[in-house]
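# Structure assessment
Single-letter residue listing:
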Amino acid sequence: MGKIAEILKIGVPIMLGQACVVILSFADNIMIGWYGVNDLAASSFVNGLINLFIITEMGFANGMTPLIGSRFGVKDTAGIGKILKSSIALNAAVAVAGLVLMAVIYCFLDRFGQDEHLLPLIRPYYAVVAVSTLFAMGFNTLKQFTDGICQPVVSMALLMGGNILNIIGNWVLIYGKGGFPELGLLGAGISTLGSRILMFLIFLLYIMYSPRFREYSAAFRSSRISGNAIRHLFNMGYPLALQTGMETSTFTISAIMVGWIGATALAAHQVTLTISQICFLLMMGLSSAVSILVSNAYGRKDYSGVRQYASKGYLMILCISLLFCSLIFIFRHGIIGMFTDAPEVTAIAMSLLFVLFSYQFGDGLQLCFCNALRGIQDVKPIMLMAFVSYYVIAIPAAYFLGFKAGLGTTGIWMGFPIGLTVAGIFYYIRFRTKVKKLERGQVSPF
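Since we're looking at a predicted model, the values are computed, not measured.

### Things to note about the overall build of the chain
The helix and strand inventory of the chain stands at 17 helices and 0 strands. Over its C-alpha atoms the chain spans a radius of gyration of 21 Å, differing by no more than 12% from the 22 Å that the globule rule assigns to 446 residues. Taking contacts inside the chain between residues at least 6 apart in sequence as the whole, the part at least 24 apart equals 83%. About 17400 Å² of surface is accessible on the chain, with carbon and sulfur atoms providing 69% of the total.

The following block contains the structure:
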């Protein structure tokens with residue numbers, strides 16, 4: 001029970017922080033969905049593209065956590081300060097590069113095969129949310145630091161406050177309340193930008209001036225950006241960025257394929273994907289705790305602990321998945337009804353829920369053991385595993401089942417359980433093999 005308690009101690013605050021993200025996503029989509037089906041379809045397309053960049057960039061920043069965690073395990077405060085300063089510089093450069101790529105894509109938004117009448121909604125919303133990714137990346141970089149030193153409550157509190165602010169901003173700017181203009185989908189984008197700016201600035205100031213982080217802020221100020229640290233961070237970050245990018249792009253490409261079917265199907269896709277984020281983000285909270293505790297144990301060369309944190313973490317993730325699927329099934333009519341009253345959208349979303357349930361096992365498996373591999377700093381093999389799972393298997397399967405087999409939106413979604421399960425099996429086998437070698441002294445831990 002000791003390992004489970006440790007996972008919960010770190011995992012619950014991360015999960016609560018992720019729950020705030022879920023609530024925000026729900027609120028966004030409910031408010032946009034009730035404003036108009038076309039607005040919901042446009043937000044689905046834009047968020048699919050933007051999330052590809054955000055999650056890829058966050059995957060890159062996640063390479064920082066095991067480096068912080070392993071140093072925290074041996075109380076190396078000076079090393080943590082150097083890693084933090086070097087990571088901020090590196091991740092800022094990555095965020096700017098991502099924004100440049102998004103600007104290039106903006107010029108080709110009319111080439112993705114979406115309904116032409118959605119483009120006037122897509123373009124301004126895309127531009128505003130793209131700028132907000134700079135601040136989302138900054139926030140996530142600081143979050144990896146506080147999570148790595150086992151202080152996830154800080155980011156949780158900021159996420160709660162920031163998301164409440166975002167929901168209020170949505171209500172004011174989407175519908176034109178309190179004397180503000182009615183901006184619809186663009187209002188949701190402006191609210192997102194404003195809340196992300198404030199969350200990042202408050203987080204940065206708190207870390208720099210709070211007594212809780214005095215020793216770390218002192219180490220940060222006294223350290224210099226290190227070329228060796230940047231190389232280490234880059235070598236840890238880019239495989240994770242590619243892995244998360246390939247996984248996320250599977251959902252993005254699927255959204256584009258669903259858009260070929262029509263705006264109604266795309267709106268249903270967005271509703272169901274938003275519902276799926278509940279379990280995904282909760283599972284991600286637990287798997288992040290696994291990564292942090294695995295990295296602490298890895299720094300101490302406690303390989304038995306490494307194995308136990310991963311195995312018990314996966315059992316806990318399975319329990320979360322089972323509870324999630326049961327609750328969503330019981331309340332499915334009411335949940336979908338919160339987003340839309342359009343019968344065509346509701347019917348498609350209802351059919352997609354059963355595909356969603358089917359991929360929870362594979363999603364939990366790949367989340368847990370990908371993060372366990374991250375904790376033991378064994379990240380390069382996951383690039384090839386992700387490529388095979390998503391690009392060789394999942395995306396072709398989605399296209400074949402959706403269009404060649406004539407299963408439509410449901411067929412496209414069936415690519416998800418296939419790709420996620422294959423990826424999870426790959427990561428599990430790699431983790432077990434690597435830990436056995438570490439226990440036998442066949443490979444160096446650093």
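### Quick word on the side chain of asparagine 371
Note on placement: asparagine 371 falls in helix α14 (residues 360–375). Judged by relative accessible area, asparagine 371 falls into the buried class, the value being 9%. In this structure the side chain of asparagine 371 is engaged in a polar contact, spanning 3.3 Å, whose partner is the side chain of serine 287. At 2.8 Å, the side chain of asparagine 371 forms a polar contact with the backbone oxygen of leucine 367. Apart from the residues lying within four places of it in its own chain, the contact partners of asparagine 371 are Ser287, Ser288 and Ser291.

### What to know about the confidence of the model for the chain
Mean pLDDT for the chain: 87, with 97% of residues reaching 70 or above. Averaged over each element, pLDDT in the chain is lowest for helix α1 (residues 2–35) (75) and highest for helix α15 (residues 381–404) (95).

### Some details on a nonpolar patch on the surface
Residues Leu323, Leu327, Phe329, Ile330, Phe331 and Phe354 make up a contiguous nonpolar surface patch of roughly 600 Å² in combined accessible area. Looking at the nonpolar patch, the element that brings in the most residues is helix α11 (residues 303–330), giving 4 residues. Along the chain, the position of phenylalanine 354 falls in helix α13 (residues 343–358).

### A short note on the packing of aromatic side chains
Two descriptors summarise a pair of aromatic rings, namely the distance from one centre to the other and the angle between the planes of the rings. Tallying each qualifying case throughout the model produces 23 aromatic pairs. Aromatic side chains phenylalanine 145 and phenylalanine 213 sit 6.0 Å apart centroid to centroid with 50° between the ring planes, which places their arrangement in the tilted category. Placement of the pair is phenylalanine 145 in helix α5 (residues 119–148) and phenylalanine 213 in the loop between α7 (185–209) and α8 (214–222), with a sequence separation of 68 residues. Phenylalanine 213 gets classed as buried once you look at its relative accessible area, which sits at 0%. An aromatic cluster is defined as three or more aromatic residues linked by ring pairs; in this entry it consists of Tyr314, Phe361, Phe369, Tyr428 and Phe431. The positively charged end of lysine 85 is found above the aromatic ring belonging to phenylalanine 220, 4.9 Å away from the centroid. Note that arginine 221 overlies the ring of tyrosine 209, its terminal NZ or CZ placed 5.5 Å from the centroid.

### As for the environment of valine 422
By the element assignment, valine 422 lies in helix α17 (residues 415–439). For valine 422, a relative accessible area of 22% corresponds to the partly exposed category.

### Considerations on unusual backbone geometry
Unlike most non-glycine residues, cysteine 150 shows phi in positive territory, near 60°. Structurally, cysteine 150 can be placed in the loop between α5 and α6 (153–175). The exposure class assigned to cysteine 150 is partly exposed, which follows from its relative accessible area of 25%. Here the phi dihedral of lysine 301 falls at roughly 60°; this positive angle occurs in a residue that is not glycine.

### A few points about the pattern of salt bridges
In total, this model carries 5 salt bridges according to the counting rule given. When the shortest N-O distance is used, the salt bridge between arginine 111 and aspartate 110 registers 3.8 Å. Aspartate 378 is paired through a salt bridge with lysine 434; the nearest N and O atoms lie 3.7 Å apart. Highlighted residues: aspartate 378 in the loop between α14 and α15 and lysine 434 in helix α17, separated in sequence by 56 residues. As far as the burial class goes, aspartate 378 and lysine 434 line up, both buried. Residues participating in the shared-partner salt-bridge network are Asp378, Arg430 and Lys434.

### Brief notes about α8
Taken as a whole, α8 has its buried residues at Tyr216, Ser217, Ala219 and Phe220. The buried residues of α8 occupy an angular sector of 160° when projected down its axis, which confines them to one face. Of the residues in α8, the exposed ones pointing more than 90 degrees away from the buried face are Arg214 and Ser222. Packed against the buried residues of α8 are α3 (64–73), α4 (77–106), α5 and α7.

### Let's talk about the packing of helix α2 (residues 37–61) against α4
Interhelical geometry of α2 versus α4 gives an angle of 165° and a closest axis separation of 10 Å. Considering their axes alone, α2 and α4 lie roughly antiparallel with respect to each other. Of the two possible hands of crossing, α2 and α4 adopt the one that is right-handed. Of the residues in α4, those touching α2 at Leu49, Ile50, Phe53, Glu57, Phe60 and Ala61 are Leu90, Asn91, Val94, Ala95, Gly98, Leu101, Met102 and Ile105. Classifying every residue of the contact of α2 with α4 by side-chain character gives 11 nonpolar, 2 polar and 1 charged.

### Digging into the side chain of serine 291
Its location among the elements puts serine 291 in helix α10 (residues 263–299). What makes serine 291 buried here is its relative accessible area of 1%. Setting aside residues up to four positions removed in sequence, serine 291 forms contacts with Asn371, Arg374 and Gly375.

### A short note on α13
Each turn of an α-helix holds 3.6 residues, which means side chains three or four residues apart point in the same direction. Helix length check: α13, at 16 residues, gives a terminal C-alpha distance of 24 Å against a target of 22 Å (1.5 Å per residue), a fit within 8%. Three or more residues of α13 are buried, namely Val345, Ala349, Met350, Leu352, Leu353, Val355, Leu356 and Phe357. Where α13 is buried, its residues meet α10, α11, α12 (332–339), α14, α16 (408–413) and α17.

### Focus: the packing of α6 against α7
Where α6 contacts α7, the axes come no closer than 8 Å and their chain directions differ by 155°. Put simply, α6 runs roughly antiparallel to α7. Once α6 is placed against α7, the crossing between them reads as right-handed. From α6, Val154, Ser155, Leu158, Leu159, Gly162, Leu165, Asn166, Gly169, Asn170, Leu173 and Ile174 reach across to α7, where they touch Gly187, Ala188, Ile190, Ser191, Thr192, Ser195, Leu198, Met199, Ile202, Phe203 and Tyr206. Each residue belonging to the contact of α6 with α7 can be placed in one class, and the counts come to 13 nonpolar, 9 polar and no charged.

Criteria and cut-off values
Residues numbered from 1 in each chain as written. Predicted model: local features only at pLDDT ≥ 70, side-chain atom pairs only at ≥ 80, totals over all residues. Heavy atoms only, no water. Helix = DSSP H or I, 4+ residues; strand = E, 2+ residues; numbered from the N terminus. Rg over C-alpha atoms; globule rule 2.2 N^0.38 Å. Contact = heavy atoms within 4.5 Å. Areas by Shrake-Rupley, 256 points an atom, 1.4 Å probe, with all protein chains shown as cover. Buried < 20%, exposed > 50% of the residue type's maximum accessible area, 1.4 Å probe, protein only. Polar contact = N/O pair within 3.5 Å; in protein donor to acceptor, adjacent residues only side chain to side chain. pLDDT = per-residue confidence, 0-100. Patch = residues over 30% accessible without salt bridge, like charges linked within 9 Å, V, L, I, M, F, W, Y side chains within 5 Å. Salt bridge = Lys/Arg side-chain N within 4 Å of Asp/Glu carboxyl O. Phe/Tyr/Trp six-rings, centres within 6.5 Å; stacked < 30°, edge-to-face > 60°. Lys NZ or Arg CZ within 6 Å of the ring centre and 35° of its normal. Arc of directions from axis to C-beta. Axes fitted to C-alpha atoms, helices over the stretch in contact; angles between N-to-C directions. Parallel < 35°, antiparallel > 145°, perpendicular 65-115°, else oblique. Left-handed = near helix turned anticlockwise from the far one by under 90°. Nonpolar A, V, L, I, M, F, W, Y, C, P; charged D, E, K, R; others polar. Expected span 1.5 Å × (residues − 1).

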